[in-house]
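Breakdown of the fold
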Amino acid sequence: MFARLVYESFRRQKRRKLLAGAAITLGVTVATAMIAVATDIGDKINRELRTIGANLLVTPQEDTLDVEIGGVNLKPPTDGAFLSEADLPKIKGTFWHNNITGFAPMLPVSVEVQRDGKSENATLLGTYFAKRVVFGKEEFNTGVRSTHPWWRVVSGTWPDDSSRDVLLGERLAARLAMKTGDQIVASGRELHVSGILSTGNSEDDQIVAPLSLAQEILGKPGAVRRVYVSALTKPEDALARRDPKSMSGPVYDRWYCSPYPQSIAFQLQEAIPHSHAEQIRQVAQNEGAVLTRIEGLIFLVTLAALFASALAVSAAMATAIFERRAEIGLMKALGAGRLAVASVFFAEATLLALIGGFVGFGAGSLLAYQIGRSIFNSEIAVPPVLLPVILAIAVIVTFAGSAAAISKAVGLDPVFALRGEL
Amino acid sequence: MFFRMLVRAAVLRRGRAAAALFAMVVAAAVATAMLNLYIDVQAKLRREFRNYGANIILVGRDGASLPADARSQVESVLAGRGVVAPFALVVARTSDGQPIVVAGTDFDRVRQLDRWWSVSNWPSAPQQALVGVRAASVVSPKNLPFDLSFQGHVIHLTSVGTVQTGAAEDSRVYLSLADFVAWTGVQSSTIEVAANGTPEEITAIMRQLEQAIPAADVRPVRQIMEGEARVLGKTRATLLAAAALIILTAALCVLSTLMGWVFDRRRDFAIMKALGASDRLLNGFFAAEAAGLGAAGAVIGFILGIGIAAWIGRVNFHAPVVPRFSILPFVLAGSMVVTLLSAILPISLLRRVQPAVILRGE
């Protein structure tokens, strides 16, 4: 009998059920989409923050002091220690290798540039542009094109990493009156200029070349002066700043397994022999603050969205139930007890919530995917574990929203309800 | 007569009218809070990005020093809209003859501009030096006072603190600008500027600086400005999407509540029609009711929404969110549309039904 009442209610009052169901579906869609966005926004913004530059620096452990002004290194070229280029792929073998979005080795070399019989000193910077690196079974591209996205080739093209083409910084090119396609003579070697580089920094006065070329000019194959590493990190907290040597086992594990700038730097030092790794504070310190602000904002906005959804669902359910006062009056006049009447309506509400919840979850996932695609050019994935959570919330909210209306309607005198008076 | 009916309608059905008003207030509050946040979040996040330091750099052309009055010129152009820090650099020699880069700067300004510097202790008196962590082992291994010489002039310094940044600063020694100029005679070659404002304002500032100091090369720090624009743009887009969804949901809430309320009053409608009211009068009556409710709800909701946005500003950004009264017309217009829709739709459905049928309760 009970089941038949509920079934008939759905069959005969399709339009009313549809409207209430639509409200629940919309509420669940918005809630699902917002929760998906809120959980993923941290990672998305973290990736966008990588465009400000590398946040970790690896240098040789035994290095002598840098004497550098405005990008010009005044140290004798062979002075100081070097890292080995062959060790660099090991960066991708660290625990947090998935958080490392790219690295770029640098080797600055002093060269003599001949131009119209005159010669002047300049710096030639050797680096990776978009080099294919192999580690174990993994292959990936890395270089300044990923770690330094504000570098722009204003005319010409990026050199190939295995070629002998170079880029001229735009200020150097202007001073030497050279352009794309010219040949530049540096330390006795004739090099083809494949493009003009604009960075806004000291590189505009330098020649930027593939690493192998710089190593050849220096006469030290496989040498690297420093490596800039770009990694997705977690904002620093008290645990991050502690000295790993002072930590007990489980605390050390927790520190090691959290992507703090310090722990990733520690792992880089472990992976590359004779190296010293640290965070580049200007980048690493500030991105934590920006990330925290944005995550906090989206979290609060999501709470507002959930609240609005809950209110919309409650309002729709309350209206739908209050419209059926006459029905309730009839059931009571026929002898149904309050509990029996209430349970019919609660059963209907639960069914509506479950159906609306399913459809809303699907629509919300689609909406989250769309938002991710259009704003971040990447997917916002909805974790499947969210489905039972969303369904449970939908049922609870629908219940709560109907409860007040049901109790009020059930409390009315059947005579008045049947007569249509309030 | 018209207004008496309006008022009595609200007064007599206080319960239902209150529920409808509540829905309206909540919807308007949420919409106001979201729009206020959307407008303000740019300004808030830009302030966070100023912690990255300078976004404009002035250098002397072709490696020359800047004119001596460059700093005061920059400060007057900026007029308080940012922080200015001068830097003067030379290569000096330690007592062992090792070359080392020494910089002269204004420590107070650097402290405001370059907040990420990890400094153990800032110099506060003459002849005090701030030494980079890598330079420390070279110039003053046991933290003893040390000498530096430049072109024959020697300066005696005490290291009072170390600085660590993970960049070039770690290999340098920093003095106050006064000490530096007295020792070397070299003026500042770089001025770092962290300017507040939108990209357009910053470009305008750069142009003013170029005009004021023709001997200087004014460069934007592209990585910060481009990164800032990207992150801000995407955050704003996300916020807009969220705002749209929330406002839609809130409008739905109002619509269903109000439609239910109007539908519930179909007996009033039927009585008025049976007594001879014209369609126009009926439409006007219910529309006026709805509009009144919409306006009242919008205003109350607006005030509440401003409060919510201010609270979010305090909790998340630790800075007040400026209430934007320009939102009020939009919220008002929006609520009018929603309430009128929720009144007109049921009325147009009921219009076709005979009053007698409604009065009989069918």
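Residues numbered from 1 in each chain as written. Chains lettered and ligands numbered in written order. Predicted model: local features only at pLDDT ≥ 70, side-chain atom pairs only at ≥ 80, totals over all residues.

**With respect to the domain arrangement of chain B**
Splitting chain B by domain gives domain 1 (2–47 + 230–359) and domain 2 (55–220). Using C-alpha coordinates to define each centre, domain 1 of chain B is positioned 58 Å away from domain 2 of chain B. (Domains from an automatic or database assignment.)

**Things to note about the interface of chain B and chain A**
Every contact between the two is made by 56 residues of chain B and, on the other side, 55 residues of chain A. Of all the secondary structure elements, the ones that give two or more residues to the side of chain B that touches chain A are α2 (14–49), β2 (82–94), β3 (99–105), α5 (133–139), β10 (216–220), α8 (222–264) and α10 (279–317) of chain B. No other element matches the 23 residues that α8(B) contributes to the side of chain B that touches chain A. Looking at the side of chain B that touches chain A residue by residue, the class counts come to 33 nonpolar, 16 polar and seven charged. (Contact = placed C-beta atoms within 7 Å. Helix = DSSP H or I, 4+ residues; strand = E, 2+ residues; numbered from the N terminus. Nonpolar A, V, L, I, M, F, W, Y, C, P; charged D, E, K, R; others polar.)

**Quick word on helix α2 (residues 14–49) of chain A**
With 36 residues, α2(A) extends 50 Å from end C-alpha to end C-alpha; this agrees with the ideal 52 Å at 1.5 Å per step. Where α2(A) bends most, at A:Asp40, the angle is about 45 degrees. (Expected span 1.5 Å × (residues − 1). Bend = angle between axes of the 7 residues up to and from the residue.)

**A short note on the environment of B:Ser278**
With respect to the helices and strands, the residue B:Ser278 is situated in the loop between α9 (266–274) and α10. Taking the C-alpha atoms as reference points, B:Ser278 and B:Ala319, 41 residues apart in sequence, are found 56 Å from one another.

**A few points about the packing of helix α8 (residues 281–322) of chain A against helix α11 (residues 386–410) of chain A**
All names here are of chain A. Two elements in contact, α8 and α11, have axes whose closest approach is 8 Å; the angle formed by their N-to-C orientations is 30 degrees. The angle between the axes of α8 and α11 places the two elements in the roughly parallel class. Judged by the twist between their axes, the crossing of α8 over α11 is right-handed. Facing α8, whose interface residues are Ala-310, Val-313, Ser-314, Met-317, Ala-318, Ile-321 and Phe-322, α11 presents Val-397, Thr-398, Ala-400, Gly-401, Ser-402, Ala-404, Ala-405, Ile-406 and Ala-409. (Axes fitted to C-alpha atoms, helices over the stretch in contact; angles between N-to-C directions. Parallel < 35°, antiparallel > 145°, perpendicular 65-115°, else oblique. Left-handed = near helix turned anticlockwise from the far one by under 90°.)

**Quick look at the environment of B:Gly292**
With respect to the helices, strands and loops of the structure, B:Gly292 is situated in helix α10. Each C-alpha atom of the pair B:Gly292 and B:Leu6 lies 9.3 Å from the other, and the pair is 286 residues apart in sequence.

**A closer look at the confidence of the model for chain B**
Here chain B averages 87 in pLDDT, and 98% of its residues register 70 or above. Scored as a complex, the prediction yields pTM 0.87 and ipTM 0.86. (pLDDT = per-residue confidence, 0-100.)

**Concerning unusual backbone geometry**
Non-glycine residue A:Asn377 carries a positive phi angle of around 55 degrees. Among the secondary structure elements, A:Asn377 is positioned in the loop between α10 (338–376) and α11. Despite not being glycine, B:Asn143 shows a phi value in the positive range, around 65 degrees. Assignment of secondary structure puts B:Asn143 in the loop between α5 and β6 (146–150).

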